[in-house]
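Close look at the chain arrangement
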Amino acid sequence: LLIYDQLSQEETHNEARKWIVNRFMRKHLHFDASGRLKKICMYEDPEKEHLHMIGGGLKPLLILPICWYLLPQDALLSLKLYQSVINEYSLRNESSSIPGTIRTNRTA
């Protein structure tokens, strides 16, 4: 949306920013007291007012693609989510192996 706005001289990006701040950050992301991401929304059913939240091994598989699409809309939030995966799974530590849940897409 940001690039579209720059090319078309419109202001649709502001609506996306409002949704990110007022809905996505408040309802779809759950952080603990230290700021570590605990759960992320995988599915929302607005008719039943239900958010299907997941944590654990599937979390990185959801967060990393979200970071890619979120980057032009909110670079700081995108970086925060990316860093949460990198830190939680020690992905910058060369002596650390990648957890099986990331490699195999299995939760158990």
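Conventions adopted
- Residues numbered from 1 in each chain as written.
- Predicted model: local features only at pLDDT ≥ 70, side-chain atom pairs only at ≥ 80, totals over all residues.
- Heavy atoms only, no water.
- Helix = DSSP H or I, 4+ residues; strand = E, 2+ residues; numbered from the N terminus.
- Buried < 20%, exposed > 50% of the residue type's maximum accessible area, 1.4 Å probe, protein only.
- Expected span 1.5 Å × (residues − 1).
- Bend = angle between axes of the 7 residues up to and from the residue.
- Phe/Tyr/Trp six-rings, centres within 6.5 Å; stacked < 30°, edge-to-face > 60°.
- Patch = residues over 30% accessible without salt bridge, like charges linked within 9 Å, V, L, I, M, F, W, Y side chains within 5 Å.
- Areas by Shrake-Rupley, 256 points an atom, 1.4 Å probe, with all protein chains shown as cover.
- Salt bridge = Lys/Arg side-chain N within 4 Å of Asp/Glu carboxyl O.
- Axes fitted to C-alpha atoms, helices over the stretch in contact; angles between N-to-C directions.
- Parallel < 35°, antiparallel > 145°, perpendicular 65-115°, else oblique.
- Left-handed = near helix turned anticlockwise from the far one by under 90°.
- Contact = heavy atoms within 4.5 Å.
- Nonpolar A, V, L, I, M, F, W, Y, C, P; charged D, E, K, R; others polar.
- Pairing = 2+ DSSP bridges.

1. Observations concerning unusual backbone geometry
Of note in this structure, Q9 is not a glycine but carries a positive phi near 65 degrees. Considering the arrangement of structural elements, one finds Q9 in the loop between α1 (2-8) and α2 (13-28). A residue is classified by how much of its surface remains accessible, and Q9, at 68% relative accessible area, is exposed. Of note, E49 is a non-glycine position whose phi angle comes to about 50 degrees, a positive value. Tracing the backbone through its elements, the reader meets E49 in the loop between β2 (37-45) and β3 (50-54).

2. So, α2
With 16 residues, α2 should cover 22 Å at 1.5 Å per step; its first-to-last C-alpha distance of 20 Å lies more than 12% under that length. By the largest-angle criterion, I20 marks the main kink of α2, which is about 35 degrees. H13, A16, I20, F24 and H28 are the residues of α2 that are buried.

3. Section: the packing of aromatic side chains
Where two aromatic rings form a pair, the distance of their centres and the angle of their planes describe that pair. Enumeration over the complete set of coordinates arrives at 1 aromatic pair. Ring geometry for W19 against F24: centres 5.7 Å apart, planes inclined by 25 degrees, an arrangement best described as stacked. You can call W19 partly exposed: its relative accessible area is 44%. According to the relative accessible area criterion, F24 is buried, its value standing at 7%.

4. Some details on a nonpolar patch on the surface
A contiguous nonpolar patch, built from L64, L79 and Y82 and spanning about 250 Å² of accessible area, is present on the exposed surface. Here Y82 lies in helix α4 (residues 75-88).

5. Here's the deal with the packing of helix α3 (residues 59-70) against α4
Contact geometry for α3 and α4: axes closest at 9 Å, N-to-C directions at 155 degrees. Between α3 and α4, the angle falls in the class roughly antiparallel. The two elements α3 and α4 meet at a crossing, and its hand is left-handed. Taken together, the residues of α4 that come into contact with α3 (itself represented by K59, P60, I63, L64, I66, C67 and L70) are A75, L77, S78, L81, Y82, S84, V85 and E88. In terms of residue class, the contact of α3 with α4 is built from 11 nonpolar, 2 polar and 2 charged.

6. Quick word on the pairing of β3
Sheet topology places β2 next to β3; 5 bridges connect them, and they run antiparallel. Opposite D45, over in β3, you have H50 as the bridge partner. Taken together, β2 and the strand that follows it, β3, pair antiparallel across an intervening segment of 4 residues, in which E49 is found at a positive phi of about 50 degrees.

7. Examining the pairing of β2
Alignment of strand β1 (residues 29-31) against β2, held across 3 bridges, turns out to be antiparallel. Each bridged residue has a counterpart across the sheet, and for F31 the counterpart in β2 is L37. Where β1 hands over to β2, the hairpin turn is made up of 5 residues, of which G35 adopts a positive phi near 95 degrees.

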